[in-house]
Protein chains: 2
Amino acid sequence: MRIIAIDPGYERLGVAIIEKGRVDGDTTASGENKFNSQKERLLFSECFKTKKSLPFVERLELVGREVSRVIDQYTPRELAIENLFFETNQKTAMRVAETRGAILYQARLSGLEIFEYTPLQIKVATTGYGKATKNQVLSMITRLISGAENVKQDDEMDAIAVGLAHFAHTRH
Amino acid sequence: MRIIAIDPGYERLGVAIIEKGRVDGDTTASGENKFNSQKERLLFSECFKTKKSLPFVERLELVGREVSRVIDQYTPRELAIENLFFETNQKTAMRVAETRGAILYQARLSGLEIFEYTPLQIKVATTGYGKATKNQVLSMITRLISGAENVKQDDEMDAIAVGLAHFAHTRH
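To keep things clear, this report deals only with the structure shown in the data block. (Residues numbered from 1 in each chain as written. Chains lettered and ligands numbered in written order. Predicted model: local features only at pLDDT ≥ 70, side-chain atom pairs only at ≥ 80, totals over all residues.)

### Some details on the overall build of chain A
Per the secondary structure count, chain A includes five helices and six strands. In chain A, the succession of helices and strands from N to C terminus is β-β-β-α-β-α-β-α-α-β-α. When the 172 residues of chain A are sorted by exposure, 44% land in the buried category. Within chain A, counting contacts between residues at least 6 apart in sequence, those at least 24 apart form 72% of the total. (Helix = DSSP H or I, 4+ residues; strand = E, 2+ residues; numbered from the N terminus. Buried ≥ 20, exposed ≤ 12 C-beta atoms within 10 Å, placed from the backbone. Contact = placed C-beta atoms within 7 Å.)

This is the structure in structure tokens:
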């Protein structure tokens, strides 16, 4: 099962492609499966940025087109995305919500099923603890998933976290 | 000049196609132009509704696809849309913002330029008065535009109002 996981934003967009389950040919020299088939692995992640100098609607378009591009390249079947987050800045909150809307719409156009998770669900799924700090979530991610050792950007890690929450909830 | 004007929503979406300028063949029996070339006229309007029983993302998709359909049919060059409106219900506000995002994104995919107007700008453009009531705005609309006499739904009227605000601001 392959999914796309997204931490939405129009300045920085976190994107991750995560797969779970055995993949043919992924064996070590001794013939064992290189990845635990119960463990998720990261196939791709990025922090996609748009320029501050661009009008908002152009940044929105770039984000939607990037989501479309990654879906076309990796053909995931489901989208996991972080749910409504209430920013302290009301205008920013509305712009992020609009960006989420463009992402949800593009995912539907691309034929994906959509699953939304709250920050609380993500914390519980990754650490087992609803009051986990951001650092606790981050340190759990590299233990839970293979291939994320070199991910540095927060937004990519946040995308991976929502993807792991999705696998925890759906038991694929 | 032909535009699409939208009052965004995922339960009810107001859509209007408005044109300004002389149209060949639109003459009366006496040979005069049937419409004042300085007056906008309504070519199409609708209140597009989605079912409450559907999941939000499906309603979002239906709204975006309807916007795409109307753009394909009427080939407007610009989108005028009402700007961020702060609902008292935070969750509804976020869902409406997401719907706006899907509409903005579809309009960009369709190659349209986008113009956003605040409720204040719409009131001033239609009535000349920033504290105009909703009824004052509505009663001005039918005087300012031809073809809107039979429009009954509030959402259609709101879409027409934002379209008129756009023509007032851009002086097409």
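### Focus on the nonpolar core
By size, the foremost hydrophobic cluster in this structure holds 94 residues, and its most contacted members are A5 and I160 of chain A together with A5 and I160 of chain B. Sequence-distant contacts of I160 of chain A, that is, excluding residues within four places in its chain, are made with A5, A16, I18, L42, S45, I141, I145, A148 and V151 of chain A. (Core = buried A, V, L, I, M, F, W, Y, C linked by C-beta atoms within 7 Å.)

### Focus on the relation of the copies chain A and chain B
Aligned on chain B, chain A shows an RMSD of 0.0 Å; the corresponding rotation is 180 degrees and the shift along the axis is 0.0 Å. In symmetry terms, the pair is related by a two-fold rotation axis. Comparing interface residues between copies, 100% of those in chain A also lie at the interface in chain B; the contact surface is shared. (Least-squares fit on C-alpha atoms with pLDDT ≥ 70 in both.)

### What about the interface of chain A and chain B?
In this assembly, 19 residues from chain A lie in contact with 19 residues from chain B. Every element with two or more residues in the side of chain A that touches chain B is listed here: α1 (56-74) and α2 (90-109) of chain A. Tallied by class, the residues present in the side of chain A that touches chain B amount to 10 nonpolar, five polar and four charged. (Nonpolar A, V, L, I, M, F, W, Y, C, P; charged D, E, K, R; others polar.)

### Considering the packing of helix α3 (residues 119-127) of chain A against helix α4 (residues 134-144) of chain A
Residue and element names in this part refer to chain A. Where α3 contacts α4, the two axes come as close as 9 Å, and the packing angle between them is 50 degrees. What the angle tells us is that α3 and α4 run oblique. Crossing of α3 over α4 shows left-handed handedness. For the pair formed by α3 and α4, the contact residues are K123, T126 and T127 on the first element and Q136, V137, M140, I141 and L144 on the second. Among the residues making up the contact of α3 with α4, the classes are represented as four nonpolar, three polar and one charged. (Axes fitted to C-alpha atoms, helices over the stretch in contact; angles between N-to-C directions. Parallel < 35°, antiparallel > 145°, perpendicular 65-115°, else oblique. Left-handed = near helix turned anticlockwise from the far one by under 90°.)

### Some thoughts on the sheet that holds strand β4 (residues 78-82) of chain A
Residue and element names in this part refer to chain A. The six strands are arranged β5-β4-β1-β2-β3-β6 in an open sheet whose pairing can be described as mixed. Strands with a single pairing partner mark the edges of an open sheet, and in this sheet they are β5 (113-117) and β6 (145-146). In this sheet, β4 lies alongside strand β1 (residues 2-7) in parallel orientation, the contact comprising four bridges. Paired with I3 across the strands is E78, a residue of β4. Strands in contact with α2 are β1, β4 and β5; relative to β4, the strand with the most contacts, it is inclined by about 170 degrees. (Pairing = 2+ DSSP bridges.)

### Brief notes about the sheet that holds strand β2 (residues 12-19) of chain B
All names here are of chain B. An order of β5-β4-β1-β2-β3-β6 is seen for the six strands of this open sheet, with the pairing classed as mixed. Looking at which strands have only one partner, the edges of the open sheet turn out to be β5 (113-117) and β6 (145-146). Bridge count between strand β1 (residues 2-7) and β2: six bridges; the pairing is antiparallel. Counterpart to A5 in the pairing with β2 is A16. In the packing of helix α2 (residues 90-109) onto the sheet, contacts are made with β1, β4 (78-82) and β5, and the angle to β4 comes to roughly 170 degrees.

### Describing the pairing of strand β3 (residues 40-49) of chain A
All names here are of chain A. Where strand β2 (residues 12-19) and β3 come together, eight bridges link them in antiparallel fashion. If you follow E19 over to β3, its bridge partner there is R41. Across two bridges, β3 lies against β6 in parallel orientation. Paired with E40 across the strands is I145, a residue of β6.

### As for α1 of chain A
Its 19 residues give α1 of chain A an end-to-end C-alpha distance of 27 Å, which sits within 8% of 27 Å, the value for a rise of 1.5 Å per residue. Residues V57, R59, L60, E61, V63, G64, V67, V70 and I71 of chain A constitute the buried set of α1 of chain A. For α1 of chain A, the secondary structure elements touched by its buried residues are β1, β2 and α2 of chain A together with α2 and β5 of chain B. Just past α1 of chain A, the residue T75 of chain A takes up positive phi, approximately 45 degrees. (Expected span 1.5 Å × (residues − 1).)

### Overview of α3 of chain A
All names here are of chain A. Turning to α3, its buried residues number three or more, namely I122, K123, A125 and T126. Next to the buried residues of α3 lie β4, β5, α4 and α5 (154-170). At the C-terminal side of α3, G128 shows a positive phi close to 80 degrees.

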